[in-house]
Amino acid sequence: MKAAVHDRFGEPVDVLETRDIAMPEPKPGEVRVRTTLSPVHNHDLWTIRGNYGYKPPLPGAVGGSEAAGIVEAVGDGVDTGMIGQRIAIAGVHGTWAEYFIAPANGLLPLPEQISDELGAQLIAMPFSAISLLEVLKAKEGDWIIQTAANGAVGRIMMVLAKARGIHLVSLVRRAEAAEELRQAGIENVLTTSDEDWMAAARTLIGDGSVMSAIDSVGGELSADLVDLLSPDGELVVFGTATGAPMQLSSGALIMKHITVKGFWGSRVSADMDPALRKQLITELVQLALQGDLALDTGGVYRLDQIGEAMKAALKPGRAGKVMLKP
């Protein structure tokens, strides 16, 4: 079968190549899935660079961690009735291939009303967003401030927060990104390149309580988020778009009793109670079926176009996730 493979860590556009590898066989409790579409996530790129929490064995590592597809074969102990079922899965390895292996108990059957484009990205980023929202201090009536609001998690958070009655201030770095969100009907969008954005945020929030801030940028912006938090609020570090160290004032942290903590979706998902996981995924599926969870794509590329796909995935301002298909 064809697969996007790397034999060393490095920039994806430099180290990935499409080549033929052996067809994988499912072990007990596993299934083989025929890939329909697989998204390119930021954490996939970090994994290929070798600077993510998971490092695949080399050489011969196949990229990708989420996909929609069709169950094509099952291992021992798995119901053969699953063969032919259209499914989605995340948290696996090697989805940038014609076929991949997945645990049978991790499959999400896809209703026919959910498109391949939506199904292929229904779990990883949406589940990270809803898991994050689940653990935040902010509850109905409170405010959350989020950075990188035009990213996948930011857009999903807008839908989820609204459904739960939580107010949201969405921050972006570019005026063009802010205008795009406003044109899509998103409220309370501010551009951090504007000198008066913090004053504008305080005007929006008024007497409201800002219990949570989500930092996906780092650098100087982290201190600004702390300044906007209410006493006993929390700064949750979700990412680092700039790669710059967080600049925090010890005085503000002490006087306001601010909590600073990280959030890694993979660990949260692994530690989550199965009943809660099922509840949250059901909530996501219902939002998708209602048409409230719309996730754009940033182009669909064949596996033999892997170089072009990686360049597209790194392009700023793209509409959505770049997709790979066999």
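Just so you know, these numbers come straight off a predicted model, no measurement behind them. (Residues numbered from 1 in each chain as written. Predicted model: local features only at pLDDT ≥ 70, side-chain atom pairs only at ≥ 80, totals over all residues. Heavy atoms only, no water.)

(A) Broad picture of the overall build of the protein chain. Within the protein chain one finds 12 helices and 16 strands. Relative to the compact-globule value of 20 Å for 326 residues, the protein chain shows a C-alpha radius of gyration of 20 Å, a close match. Dimensions of the protein chain, computed from the C-alpha atoms along their principal axes, are close to 60 × 40 × 35 Å. For the protein chain, with 326 residues in total, the buried portion stands at 48%. Only carbon and sulfur atoms are counted for the fraction: they give 50% of the accessible area of the protein chain, which is about 15,100 Å². With 29 positive and 40 negative side-chain charges, the protein chain shows a separation of 3 Å between the mean positions of the two kinds. (Helix = DSSP H or I, 4+ residues; strand = E, 2+ residues; numbered from the N terminus. Rg over C-alpha atoms; globule rule 2.2 N^0.38 Å. Buried < 20%, exposed > 50% of the residue type's maximum accessible area, 1.4 Å probe, protein only. Areas by Shrake-Rupley, 256 points an atom, 1.4 Å probe, with all protein chains shown as cover. Lys, Arg positive; Asp, Glu negative; His and termini not counted. Charge placed at Lys NZ, Arg CZ, Asp CG, Glu CD.)

(B) Layout of unusual backbone geometry. Cis geometry marks the peptide bond from Leu58 to Pro59; its omega dihedral reads -5 degrees. The residue Pro59 is located in the loop between α2 (42-49) and β4 (61-62) in this model. If you check the backbone angles, Asn188 has positive phi at about 60 degrees while not being a glycine. With respect to the element layout, Asn188 can be found in the loop between α6 (175-183) and β11 (189-191). A positive phi angle, close to 55 degrees, is found at His257, a residue other than glycine. Along the chain, the position of His257 falls in the loop between α9 (250-255) and β14 (259-262).

(C) Region of the structure containing the nonpolar core. Core analysis: the biggest nonpolar cluster contains 49 residues, and Leu122, Phe127, Ile144 and Leu160 have the highest contact counts within it. At the level of secondary structure, the elements contributing two or more residues to this core comprise β6 (86-90), α4 (124-135), α5 (152-163), β10 (167-172), α6, β12 (210-215) and α11 (274-289). Those residues in contact with Ile144 that lie beyond four places of it in its chain are Leu133, Leu136, Ala138, Ile166, His167, Leu168, Val169, Ser212 and Ile214. The next biggest cluster of nonpolar side chains, apart from the first, holds 20 residues, and it includes Trp197, Ala213, Leu221 and Ala252. (Core = buried A, V, L, I, M, F, W, Y, C linked by side-chain atoms within 4.5 Å. Contact = heavy atoms within 4.5 Å.)

(D) Layout of the pattern of salt bridges. Considering all chains together, one arrives at 15 salt bridges under this definition. Notably, a salt bridge pairs Arg164 with Glu134, separated by 3.0 Å at the nearest N-O pair. Placement of Arg164 in the loop between α5 and β10 and of Glu134 in helix α4 is noted, with a sequence separation of 30 residues between them. Of the residues examined, Arg164 reaches a relative accessible area of 22% and is grouped as partly exposed. Residue classification places Glu134 among the partly exposed positions, given a relative accessible area of 26%. When the shortest N-O distance is used, the salt bridge between Asp304 and Arg302 registers 3.1 Å. Through salt bridges with shared partners, one network takes in Asp7, Glu17 and Arg19. (Salt bridge = Lys/Arg side-chain N within 4 Å of Asp/Glu carboxyl O.)

(E) Structural context of the environment of Thr95. Among the structural elements, Thr95 can be located in the loop between β6 and β7 (99-103). The class of Thr95 is buried, set by a relative accessible area of 0%. The contacts of Thr95, once residues within four sequence positions are left out, are Thr35, Ser38, Gly63, Gly64, Ser65, Glu66, Ala67 and Phe100.

(F) Representation of a nonpolar patch on the surface in the model. A cluster of nonpolar side chains, namely Met246, Leu248 and Val260, defines an oily patch on the protein surface of about 200 Å² accessible area. Its place among the elements puts Val260 in strand β14. Using a relative accessible area of 37% as the deciding quantity, one classes Val260 as partly exposed. (Patch = residues over 30% accessible without salt bridge, like charges linked within 9 Å, V, L, I, M, F, W, Y side chains within 5 Å.)

(G) Structural detail: the sheet that holds strand β13 (residues 234-237). Spatially, six strands are ordered β11-β10-β9-β12-β13-β14 in an open sheet, and the strand pairing comes out parallel. This sheet does not close on itself; its edge strands, each paired only once, are β11 and β14. Strand-to-strand twist across the sheet, computed as the mean angle between neighbouring axes with direction ignored, equals 20 degrees. Sheet topology note: the strand β9 (residues 143-146)/β12 ladder contains four bridges and is parallel. Across the sheet, Ile144 pairs through a bridge with Ser212, a residue of β12. In the packing of helix α7 (residues 197-205) onto the sheet, the strands contacted are β9, β10, β11 and β12, and the crossing angle to β11 comes to about 165 degrees. (Pairing = 2+ DSSP bridges. Axes fitted to C-alpha atoms, helices over the stretch in contact; angles between N-to-C directions.)

(H) Summary view of the packing of aromatic side chains. The tally for this structure, following the rule as stated, stands at three aromatic pairs. Ring geometry for Tyr52 and Trp264: centres 5.8 Å apart, planes at 90 degrees, overall edge-to-face. With a gap of 212 residues between them, Tyr52 in the loop between α2 and β4 and Trp264 in the loop between β14 and α10 (265-271) connect regions that are remote in the sequence. Trp264 gets classed as partly exposed once you look at its relative accessible area, which sits at 38%. Consider the rings of Phe238 and Phe263, whose centres lie 5.8 Å apart with planes at 20 degrees: the pair is stacked. Of this pair, Phe238 sits in the loop between β13 and α9 while Phe263 is found in the loop between β14 and α10, placing the two residues 25 residues apart along the sequence. Classification of Phe263 by relative accessible area gives buried; the value is 10%. Members of the aromatic cluster, joined through ring pairs, are Trp46, Tyr52 and Trp264. Seen from the ring of Tyr99, Arg32 lies directly overhead, with NZ or CZ sitting 5.9 Å from the centre. (Phe/Tyr/Trp six-rings, centres within 6.5 Å; stacked < 30°, edge-to-face > 60°. Lys NZ or Arg CZ within 6 Å of the ring centre and 35° of its normal.)

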